[in-house]
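Descriptive structure summary
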Amino acid sequence: MQIWMTLILAVQLLTAVIMIGLVLVQHGKGADMGASFGSGASGSLFGATGSANFLSRSTAVCATVFFLCTLALAYLANAGGSGVRQGGSSVLDRAAPAASAPAGGAIPGAIPGAIPGAAPGATPGPATGASPAVPSPAPASPAVPAPAGK
């Protein structure tokens, strides 16, 4: 099975390189427009008219071979000897291991009321998690206007 995968992969890589070369050699659609004004861009290895049919058909054949090699490699990897499937079941079909939670939701060995990361012996803050209340300064006495200079 490994020999078939190697052989198909080699054919696929060779087809891909040939297809890249064929696409790069082809003319764009605007190349013939420049030739009518004397640019000389229409001259090619296969002549002015024969290149489009030969190159486009060769590219289509290479693309078909590349696609078939890709399908064959996918089939061999999934069904064959790569060992992807184990037991014919999915990860979602297996049961998840049960997590054991302590009774009452308490963490074993934890000190009740202790703040994680606080210095040893620190007193816990308020139960709401807010910062301790800071007394606000006394309100200022109302301003009394100074007597007018008599």
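Because the structure is predicted, anything quoted here is derived from the model rather than measured. (Residues numbered from 1 in each chain as written. Predicted model: local features only at pLDDT ≥ 70, side-chain atom pairs only at ≥ 80, totals over all residues. Heavy atoms only, no water.)

When you go through the protein chain residue by residue, the secondary structure sums to 3 helices and 0 strands. Put simply, the protein chain runs from its N terminus to its C terminus through helices and strands in the order α-α-α. In the protein chain, which comprises 150 residues, the proportion classed as buried is 9%. Sequence separation of at least 24 residues holds for 68% of the intrachain contacts in the protein chain that already meet a minimum separation of 6. (Helix = DSSP H or I, 4+ residues; strand = E, 2+ residues; numbered from the N terminus. Buried < 20%, exposed > 50% of the residue type's maximum accessible area, 1.4 Å probe, protein only. Contact = heavy atoms within 4.5 Å.)

By the element assignment, V61 lies in helix 3 (residues 50–79). For the pair V61 and T15, spaced 46 residues apart in sequence, the C-alpha to C-alpha distance is 9.4 Å.

With respect to the helices and strands, Q12 occurs in helix 1 (residues 2–25). Once you skip the residues sitting within four places of it in the chain, Q12 turns out to touch F66, C69, T70 and L73.

This brings us to the side chain of T59. Structurally, T59 is set in helix 3. Looking at T59, the relative accessible area reads 15%, which means it is buried. In contact with T59, other than residues within four places in its own chain, are M19, L22, V23 and Q26.

A few words now on helix 1. Its 24 residues place the ends of helix 1 35 Å apart at the C-alpha level, agreeing with the 34 Å of an ideal helix rising 1.5 Å per residue. Those residues of helix 1 not exposed but buried are I8, Q12, T15, A16, M19 and L22. (Expected span 1.5 Å × (residues − 1).)

This part takes up the environment of L76. Locating L76 in the fold gives a position in helix 3. Between the C-alpha atom of L76 and that of W4, which follows or precedes it by 72 residues, the distance is 8.6 Å.

Let us look at a nonpolar patch on the surface. The grouping of W4, L7, V11, V61 and V65 at the surface amounts to a nonpolar patch, some 450 Å² of accessible area in total. Elements with a contribution of two residues or more to the nonpolar patch: helix 1 and helix 3. With 3 residues, helix 1 is the single largest residue contributor to the nonpolar patch. Judged by its relative accessible area of 52%, V61 falls in the exposed class. (Patch = residues over 30% accessible without salt bridge, like charges linked within 9 Å, V, L, I, M, F, W, Y side chains within 5 Å. Areas by Shrake-Rupley, 256 points an atom, 1.4 Å probe, with all protein chains shown as cover. Salt bridge = Lys/Arg side-chain N within 4 Å of Asp/Glu carboxyl O.)

All quantities given are derived from atomic positions and should not be read as evidence of function.
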